[in-house]
Amino acid sequence: MPKGIPTSDDQKLEIMELIETGMPLKRIAQQLHISPATVSRVKAELYGKDVRSMDTIIAGDKKHGILKATGPGHFVGTCLARGGKMKNRHFNVPTSKEAIVAWEAWKKAVG
């Protein structure tokens with residue numbers, strides 16, 4: 001991405017989903033044709049320096065799925081899908097109320 005062009009919310013979501021898969025930051029940058037610094041900046045912006053310290057469960061339970069706030073305007077939801085496998089999805093919305101609505105709609109579609 002050329003210098004000075006802001007990273008879109010969709011790009012940030014894609015970066016975070018690739019980070020969740022365990023892909024190295026350098027490879028994410030190559031795959032998305034952006035700089036490694038952009039990937040690191042987005043990770044720090046959405047997760048902070050220590051991801052685990054920011055996780056706050058705001059809805060759900062471990063058996064059926066949870067919704068966690070992982071950073072400002074960033075949420076990660078899990079749910080039990082058909083076939084008994086847990087799925088996860090990222091939500092970039094301004095408030096936890098909007099995140100809960102989006103998460104509930106996604107759970108209905110997946111489950």
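A quick note: this is a predicted structure, and the numbers were derived from the prediction, not measured.

Asks: Please provide a residue-by-residue account of the confidence of the model for the protein chain, values included.
Replies: Mean pLDDT over the protein chain works out to 82, with 89% of the residues at or above the 70 mark. Looking over the protein chain, one finds the lowest element-wise mean pLDDT in helix 4 (residues 51-54), namely 48, and the highest in helix 2 (residues 25-32), namely 93.

Asks: For the environment of L18, give the residues involved together with the corresponding values.
Replies: Looking at where L18 falls in the secondary structure, it is placed in helix 1 (residues 9-20). What makes L18 buried here is its relative accessible area of 14%. Along the sequence, L18 and I28 sit ten residues apart, while their C-alpha atoms lie 6.8 Å from each other. Those residues in contact with L18 that sit more than four places away from it in its chain are M23, I28, Q31 and L32.

Asks: Explain helix 1 to me, and be specific about the residues and the numbers.
Replies: Under the 1.5 Å per step criterion, the end-to-end length of helix 1 is 16 Å for twelve residues, consistent within 8% with the ideal 16 Å. Within helix 1 the residues assigned to the buried category are K12, L13, I15, M16, L18 and I19.

Asks: Give a description of unusual backbone geometry that names residues and reports values.
Replies: Despite not being glycine, H33 shows a phi value in the positive range, around 60 degrees. Take H33: it is sitting in the loop between helix 2 and helix 3 (36-47).

Asks: Which residues make up the pattern of salt bridges, and what values do they have?
Replies: All told, the structure shown has three salt bridges when counted by the stated rule. A salt bridge links K12 to E45; the shortest N-O distance between them is 2.7 Å. Note that K12 is positioned in helix 1 and E45 in helix 3, a separation of 33 residues in sequence. When its relative accessible area of 37% is taken as the criterion, E45 is described as partly exposed.

Asks: Let's hear about the packing of aromatic side chains: which residues, and what values?
Replies: By the definition in use, this model includes one aromatic pair. The interplanar angle of 70 degrees and the centroid separation of 6.1 Å between the aromatic rings of F91 and W106 together place this pair among those described as edge-to-face. Of this pair, F91 sits in strand 4 (residues 86-92) while W106 is found in helix 5 (residues 96-110), placing the two residues 15 residues apart along the sequence. Note on W106: relative accessible area 11%, which makes it buried. One Lys or Arg, K107, reaches over the ring of W103 and ends 4.0 Å from the middle of that ring.

Asks: Tell me about the side chain of T7, and please be specific about residues and values.
Replies: Mapped onto the fold, T7 is located in the segment before helix 1. Accessibility expressed as a relative area gives 13% for T7, which makes it buried. Polar side-chain contacts of T7 include one of 2.9 Å to the side chain of R41.

Cut-off values and rules
Residues numbered from 1 in each chain as written. Predicted model: local features only at pLDDT ≥ 70, side-chain atom pairs only at ≥ 80, totals over all residues. Heavy atoms only, no water. pLDDT = per-residue confidence, 0-100. Helix = DSSP H or I, 4+ residues; strand = E, 2+ residues; numbered from the N terminus. Buried < 20%, exposed > 50% of the residue type's maximum accessible area, 1.4 Å probe, protein only. Contact = heavy atoms within 4.5 Å. Expected span 1.5 Å × (residues − 1). Salt bridge = Lys/Arg side-chain N within 4 Å of Asp/Glu carboxyl O. Phe/Tyr/Trp six-rings, centres within 6.5 Å; stacked < 30°, edge-to-face > 60°. Lys NZ or Arg CZ within 6 Å of the ring centre and 35° of its normal. Polar contact = N/O pair within 3.5 Å; in protein donor to acceptor, adjacent residues only side chain to side chain.

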